[in-house]
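Chain by chain, the residues:
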Amino acid sequence: MNKKIRSIGYILLSAGIVVFLYIFLHEFGHTIVMLSAGAEITDFSIFTAHVSGDGGNYTNLSRMWLCANGALFPLIISYIYTLLYQKGNKNTFYRIFSYMVTLIPTASMLAWVIIPVVFLQGNAPINDDVTMFLVVFCNNYHPLIVSAAAAVLIGISVLLMIKRRVIHNFVEVIKQQ
């Protein structure tokens, strides 16, 4: 099989697997907080990207944590994966998959950079995790603090991807085509 076609197949397969994993980890991140607040999980679906529960004793802090943990849990898992990444592994699928595992949770943090700016203009999307976080957070703090924190987390991801050679190895695979 042509190397280019195989690499495109690996990219599509990796993206599909990682999006599925990301949704699972995102919803599981919400679930962890819901369970810690004493809620009973009534629905968990990867296919509709949804989790819901009944009850629970939520404080302002746990409400914010509930909103943020959907993005933070997969990001933390990607940090751990990146730290365990085997730089010397020459397997094409491994290199492409690893790039996707680090890229998708990092890219999802862009919403946490952009939505606080939109929130300031009064146009934030309703029922979005970031917006719901900001509704509580902005009672005491400026929304751009969230943007700055998300930018720092993105920076950490990028630095890890560079230091661990995830980006370099992905580019090397692409150049070989």
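Placed above this text is the structure.
Think of each chain on its own: its residues are numbered from 1, step by step along the sequence as written. In keeping with the predicted nature of the model, local features appear solely for residues at pLDDT of at least 70, side-chain atom pairs appear and are counted solely at 80 or more, and the whole-chain, interface and lining totals rest on all residues. For side-chain calculations, the full set of non-hydrogen atoms in the structure is used, while hydrogens and water are omitted.

(A) Layout of the overall build of the protein chain. Helical segments are the DSSP runs of H or I of at least four residues, strand segments are the runs of E of at least two, and each set is numbered from the N terminus. Secondary structure assignment for the protein chain yields 7 helices and 2 strands. Beginning at the N terminus, the succession of helices and strands in the protein chain can be written as α-β-β-α-α-α-α-α-α. Projected onto its principal axes, the C-alpha positions of the protein chain cover 55 × 35 × 30 Å. Residue exposure (1.4 Å probe, protein chains only): buried if accessible area is under 20% of the type maximum, exposed if over 50%, otherwise partly exposed. In the protein chain, buried positions account for 40% of the 177 residues.

(B) Just the nonpolar core, in detail. By convention a nonpolar core is built from buried Ala, Val, Leu, Ile, Met, Phe, Trp, Tyr and Cys residues, the set being connected through side-chain atoms within 4.5 Å. In this structure, V18, M109, W112, F133, L134 and V146 are the most contacted members of the largest nonpolar core, which totals 25 residues. Residue assignment for this core shows that the elements contributing at least two residues are helix 1 (3–36), helix 2 (60–84), helix 3 (92–108), helix 4 (110–120), helix 5 (129–137) and helix 6 (144–163). With 8 residues, the next largest nonpolar core counts Y94, M161, V166 and F170 among its residues.

(C) Structural context of the packing of helix 1 against helix 2. Where helix 1 contacts helix 2, the two axes come as close as 7 Å, and the packing angle between them is 145 degrees. Between helix 1 and helix 2 the crossing geometry is right-handed. Touching Y22, L25, H26, F28, G29, H30, I32, V33 and M34 of helix 1 are S62, W65, L66, C67, N69, G70, A71, F73, P74 and I77, all from helix 2. Simply put, an axis is a line fit to the C-alpha atoms, just over the touching stretch for a helix, and the angle between two N-to-C directions goes from 0 to 180 degrees. With the far helix as reference, a near helix turned anticlockwise by less than a right angle produces a left-handed crossing, and one turned clockwise produces a right-handed crossing. Any two residues whose heavy atoms approach within 4.5 Å are treated as being in contact.

(D) Highlighting a nonpolar patch on the surface. Surface patches are defined over residues having more than 30% relative accessible area and no salt bridge, joining like charges when they lie within 9 Å and nonpolar side chains (Val, Leu, Ile, Met, Phe, Trp, Tyr) when within 5 Å. For the accessible areas, the method is Shrake-Rupley and the probe is 1.4 Å, while residue cover comes only from the protein chains on display. By definition, a salt bridge exists where a carboxyl oxygen of Asp or Glu is found within 4 Å of a side-chain nitrogen of Lys or Arg. Nonpolar side chains collect at one region of the surface, where L13, I17, F20, L21 and F47 lie side by side and expose about 510 Å² of accessible area between them. Residue placement: I17 occurs in helix 1.

(E) How the structure looks around the pattern of salt bridges. Summed over all chains, the structure comprises 1 salt bridge. Between R95 and E172 there is a salt bridge, with the nearest N and O atoms lying 2.5 Å from each other. Taken together, the residues span a long stretch of sequence, with R95 in helix 3 and E172 in helix 7 (residues 166–175) at a distance of 77 residues.

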